[in-house]
Amino acid sequence: MLIGAHVSSSGGIDTAVDRIEKLRCRAVQIFTQSPRAWRPTSHSAEALERFRTRRREAGIESVVCHAIYLINLASPDRALYRKSVTALEQTVDVAVAIAADAVILHVGSHLGAGLAAALDRVTAALRAGLDRCSGPTHILLENSAGAGGTIGRSIEELDTIDAALDRPKRLGLCLDSCHLWVSGTDVTNPAVMDELLAEVERRFGLERLRCLHVNDASAERGSNRDRHANLLGGHMGAGLGAFLAHPALQHLPAILETPGAARRGPDADEVRKLRDLHAAAAGDTRLAK
């Protein structure tokens, strides 16, 4: 498993590699711009080149870019939809420029109209993003916490999107432990994890599951409340080891998105807890298949 974390790219996109190197991680996730603003960041050619160089020097094996939170590829509002498509395209362009492995995306919300009513908009937007992917860069759909009309609360719902796109090779999945938990999936139960990954294999193929988000949850299972907690500090606690240690996931990047002690994102203590939790759980013979 490639232990990793989301880090800031404040001060230049290349500085993210310096930060992740200090955490002694092998995988990193970044925003390519402010996650709560439409205006893209202008990255200099020098910063992009330094990112690629520093990644090699630091031995970072996986780089993923998270698209901004404002995106809603299902929106019926034409202006918001156009902004969302443009933001996805811009994120993909930066990801390609730094040879990132993927762009991770929250699809958005159908606002109560149902996925079927929004499916054409979602697929058109994703095609626009996929058309810009090259090199190693893929687009990964992230499962949602399931609040309101958010899309992706189940593997079946994400599969509907994939099928409508004729299952493109550059489209894959990112599974978030907190989102799974609050949408009702008990990822602390090895048998439930087996069932979940059997469904992913049946619908997508496990080779298209390309990243994990590792977060404890400050909300109860089935609450649909997207509230990340620090590892061992939420409702999953040490039970999160069942998610981390499943044999089918051991080759994947496992990215922390926890608040950290200062609520500025994952810190060295969170990384240590992730390593310890994974090591302890992987040694459990019930999980070692």
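**Q** Please provide a residue-by-residue account of the overall build of the protein, values included.
**A** Tallying secondary structure elements over the protein gives 9 helices and 10 strands in all. On C-alpha atoms alone, the protein measures out to a radius of gyration of 18 Å, which is about the 19 Å that the 2.2 N^0.38 rule sets for 289 residues. Principal-axis analysis of the C-alpha atoms gives the protein an extent of 50 × 45 × 35 Å. Counting all 289 residues of the protein, 54% fall into the buried class. Look at the contacts in the protein between residues 6 or more apart in sequence, and 75% of them connect residues 24 or more apart. When the accessible area of the protein is evaluated, it comes to approximately 12100 Å², of which 49% is carbon and sulfur surface. For the protein, the separation between the mean place of its 35 positive charges and that of its 35 negative charges on side chains is 4 Å.

**Q** Outline the sheet that holds strand β10 (residues 253-256), listing residues and values.
**A** Across a sheet, strands are paired by hydrogen bonds formed along the backbone, either parallel or antiparallel in direction. Here 8 strands make up a closed barrel; going around it, the order is β1-β2-β3-β4-β5-β6-β7-β10 and the pairing parallel. This sheet shows a mean twist of 30° between the axes of neighbouring strands, independent of strand direction. Here strand β1 (residues 2-6) runs beside β10; their pairing, made up of 4 bridges, is parallel. Bridge pairing links A5 to L256 in β10. Along the sheet, helix α4 (residues 115-130) contacts β4 (102-105), β5 (138-142) and β6 (171-176); its crossing angle with β5, the most-contacted strand, is approximately 145°.

**Q** Explain the pattern of salt bridges to me, using residue names and the numbers behind them.
**A** Between side chains of opposite charge, pairing is possible as soon as their charged atoms come close. Scanning the model with the defined rule gives 19 salt bridges in all. Taking the shortest distance from any N to any O, the salt bridge between R167 and D159 comes out at 2.8 Å. A relative accessible area of 37% means that R167 is categorised as partly exposed. Among the residues examined, D159 registers a relative accessible area of 10% and is labelled buried. Through salt bridges with shared partners, a single ionic network connects D14, D18, E21, R50, R54 and E57.

**Q** Please set out the nonpolar core residue by residue, giving values where relevant.
**A** I30, L88, I98, L126, L141, I161 and L175 are the most contacted members of the largest nonpolar core, which totals 83 residues. Of all hydrophobic cores here, the second largest spans 9 residues; its members include L140, C174, C211 and I255.

**Q** I'd like a rundown of helix α5 (residues 155-164), residues and numbers included.
**A** All buried positions along α5 are accounted for by I155, E157, L158, D159, I161 and D162. On its buried face, α5 is in contact with α4, β5, β6 and α7 (190-203). Among the residues trailing α5, D166 stands out with phi positive, at a value near 65°.

**Q** An account of the confidence of the model for the protein is needed here, citing residue identities and associated values.
**A** Per-residue confidence for the protein gives a mean pLDDT of 95; residues scoring 70 or more make up 98%. Predicted confidence is poor over residues 285-289, with pLDDT under 50, and the contacts of this stretch with residues over four places away or in other chains come to 9 contacts.

**Q** Residue-level account of the environment of A254, with values.
**A** Mapped onto the fold, A254 is located in strand β10. As for A254 and A99, which are separated by 155 residues in sequence, their C-alpha atoms are 19 Å apart. In this view, A254 contacts M1, L2, I3, G4, L212, V214 and L274; residues no more than four positions away in its chain are not counted.

**Q** Explain the packing of α5 against α7 to me, using residue names and the numbers behind them.
**A** Where α5 meets α7, the closest approach of the two axes is 11 Å, and the angle between their N-to-C directions is 10°. Judged on the interaxial angle alone, α7 and α5 are roughly parallel. Within the contact between the two elements, α5 uses I155, E156 and D159 and α7 uses L196, E199, V200 and R203. Across the contact of α5 with α7, the residue classes tally to 3 nonpolar, no polar and 4 charged.

**Q** So what's going on with the packing of aromatic side chains? Residues and values would help.
**A** In the structure shown here, the tally under the stated rule is 1 aromatic pair. Seen in terms of ring centroids, F31 and Y69 are 5.4 Å apart; in terms of plane orientation they differ by 80°. Their pairing is edge-to-face. Separated by 38 residues along the polypeptide, F31 in strand β2 (residues 27-31) and Y69 in the loop between β3 (62-66) and α3 (78-97) bring together distant segments of the chain. Looking at Y69, the relative accessible area reads 37%, which means it is partly exposed. Directly above the ring of W181 sits R221, whose terminal nitrogen or CZ lies 5.6 Å from the centroid.

Rules used in this analysis
- Residues numbered from 1 in each chain as written.
- Predicted model: local features only at pLDDT ≥ 70, side-chain atom pairs only at ≥ 80, totals over all residues.
- Heavy atoms only, no water.
- Helix = DSSP H or I, 4+ residues; strand = E, 2+ residues; numbered from the N terminus.
- Rg over C-alpha atoms; globule rule 2.2 N^0.38 Å.
- Buried < 20%, exposed > 50% of the residue type's maximum accessible area, 1.4 Å probe, protein only.
- Contact = heavy atoms within 4.5 Å.
- Areas by Shrake-Rupley, 256 points an atom, 1.4 Å probe, with all protein chains shown as cover.
- Lys, Arg positive; Asp, Glu negative; His and termini not counted.
- Charge placed at Lys NZ, Arg CZ, Asp CG, Glu CD.
- Pairing = 2+ DSSP bridges.
- Axes fitted to C-alpha atoms, helices over the stretch in contact; angles between N-to-C directions.
- Salt bridge = Lys/Arg side-chain N within 4 Å of Asp/Glu carboxyl O.
- Core = buried A, V, L, I, M, F, W, Y, C linked by side-chain atoms within 4.5 Å.
- pLDDT = per-residue confidence, 0-100.
- Parallel < 35°, antiparallel > 145°, perpendicular 65-115°, else oblique.
- Nonpolar A, V, L, I, M, F, W, Y, C, P; charged D, E, K, R; others polar.
- Phe/Tyr/Trp six-rings, centres within 6.5 Å; stacked < 30°, edge-to-face > 60°.
- Lys NZ or Arg CZ within 6 Å of the ring centre and 35° of its normal.

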